[in-house]
Every structure is written in structure tokens, then in C-alpha cells.
Amino acid sequence: NAGVPTQFPIALTPDGVEATFQVNYLGHFFLTTRLLPALLRAQAPRVVHLTSGAHRGAPAEGVPLTVEAINDARGIGPYARYGMAKLASLAFGRELGLRHPRLASSSL
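Bear in mind the structure is a predicted one, so any value in this text is a computation, not a measurement.

**Notes on the overall build of the protein**
So, point 1. Broken down by element type, the protein carries three helices and two strands.
So, point 2. Across the protein, helices and strands are ordered from the amino to the carboxyl terminus as α-β-α-α-β.
So, point 3. Computed over the C-alpha atoms, the radius of gyration of the protein is 14 Å, within 12% of the 13 Å expected from 2.2 N^0.38 for a compact globule of 108 residues.
So, point 4. With the principal axes as the frame, the protein shows a C-alpha extent of 45 × 30 × 25 Å.

Here you go:
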């Protein structure tokens, strides 16, 4: 995805979620959680989330925790929306490792 969504105006997916957030975070989150049972059955399970320094571009208050706030275009520019997705990915990778210590979880 390489941050390409930062080049476009805010748009909602057919699921009703802001596209940048869905493409750069929710898709990875859902894939990981769907694969989690199989991963936890493996001998040496690991998950790697690739992110970027763009997480620093997220709003100072972090990632909003409601779909309405994520979808709100007022005051959140495209780079900040991308940064929110990357920050959410970092937080998810960390939490995944805390909840499942046998699972090697890394965010790069």
C-alpha cells in the first residue's frame, strides 16, 4: 500500500469505514485474528506487522476508538489518517505479544 491512500480524499469503503484505516490496519487485524487459532497450534508461531515511521503522524491523542471518529474528516488530514493506521498496527502487534506470550509478535 506504501501510503498511497494519503494521496486521495477521504472515502468510505463498502463496509462503511474510512478507506485508509481499513486498508492499512483493519485488513491486517482481521487476517491476523482469523489466522490466530492456526498460529497458536504451530510449534513456533510468529507474526510480523510491517509499519513505518508514519505512526508519528497520528494525532497527538492517538487512534479514536469509534468508527464515527475514524470516519470524521474534519481536522484529520490524509497523512494523519495514515499515521493512525500505522499507530494502531504497532499497538496491535504489542498487545498480541502480551496476550499470547508463546506467539512471537513483531512490528517493524
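**Looking at the environment of P59**
So, point 1. Take P59: it is sitting in the loop between strand 1 (46-49) and helix 2 (67-71).
So, point 2. According to the relative accessible area criterion, P59 is buried, its value standing at 17%.
So, point 3. P59 sits 48 residues away from A11 along the chain, and the two C-alpha atoms are 19 Å apart.
So, point 4. Leaving out residues up to four positions away in the same chain, P59 has contacts with A80 and M84.

**A look at the pattern of salt bridges**
So, point 1. Counted by the stated rule, this structure contains two salt bridges.
So, point 2. Linking E18 and R81 is a salt bridge whose minimum nitrogen-to-oxygen distance equals 3.2 Å. Of this pair, E18 sits in the segment before helix 1 (19-41) while R81 sits in helix 3 (residues 78-99), and the two are 63 residues apart along the sequence.
So, point 3. Assessed through its relative accessible area of 2%, E18 is described here as buried.

**Remarks on helix 1**
So, point 1. With 23 residues, helix 1 ought to run about 33 Å at 1.5 Å a step, and its terminal C-alpha atoms sit 33 Å apart, in line with that.
So, point 2. Taking the largest bend as the criterion, helix 1 deviates by roughly 50°, centred on L35, and proline P37 comes between one and four positions later.
So, point 3. For helix 1, the full list of buried residues reads T20, F21, Q22, N24, Y25, L26, T32, L36 and L39.
So, point 4. Residues of helix 1 that are buried in the fold lie against strand 1, helix 2 and helix 3.
So, point 5. Where helix 1 starts, the residue carrying a side-chain oxygen 3.1 Å from the main-chain nitrogen of T20 turns out to be E18.

**A closer look at the packing of aromatic side chains**
So, point 1. By the definition in use, this model includes five aromatic pairs.
So, point 2. Each ring, one from Y25 and one from F29, has its centre 5.8 Å from the other, and the planes form 40°; the classification is tilted. In this pair, Y25 and F29 are both assigned in helix 1, four residues apart and thus about one turn of the helix distant.
So, point 3. On the accessibility criterion, Y25 (13% relative accessible area) is buried.
So, point 4. Each member of the aromatic cluster is reached from another via a ring pair, and the members are F21, Y25, F29, F30 and F92.

The rules behind the values
- Residues numbered from 1 in each chain as written.
- Predicted model: local features only at pLDDT ≥ 70, side-chain atom pairs only at ≥ 80, totals over all residues.
- Heavy atoms only, no water.
- Helix = DSSP H or I, 4+ residues; strand = E, 2+ residues; numbered from the N terminus.
- Rg over C-alpha atoms; globule rule 2.2 N^0.38 Å.
- Buried < 20%, exposed > 50% of the residue type's maximum accessible area, 1.4 Å probe, protein only.
- Contact = heavy atoms within 4.5 Å.
- Salt bridge = Lys/Arg side-chain N within 4 Å of Asp/Glu carboxyl O.
- Expected span 1.5 Å × (residues − 1).
- Bend = angle between axes of the 7 residues up to and from the residue.
- Polar contact = N/O pair within 3.5 Å; in protein donor to acceptor, adjacent residues only side chain to side chain.
- Phe/Tyr/Trp six-rings, centres within 6.5 Å; stacked < 30°, edge-to-face > 60°.

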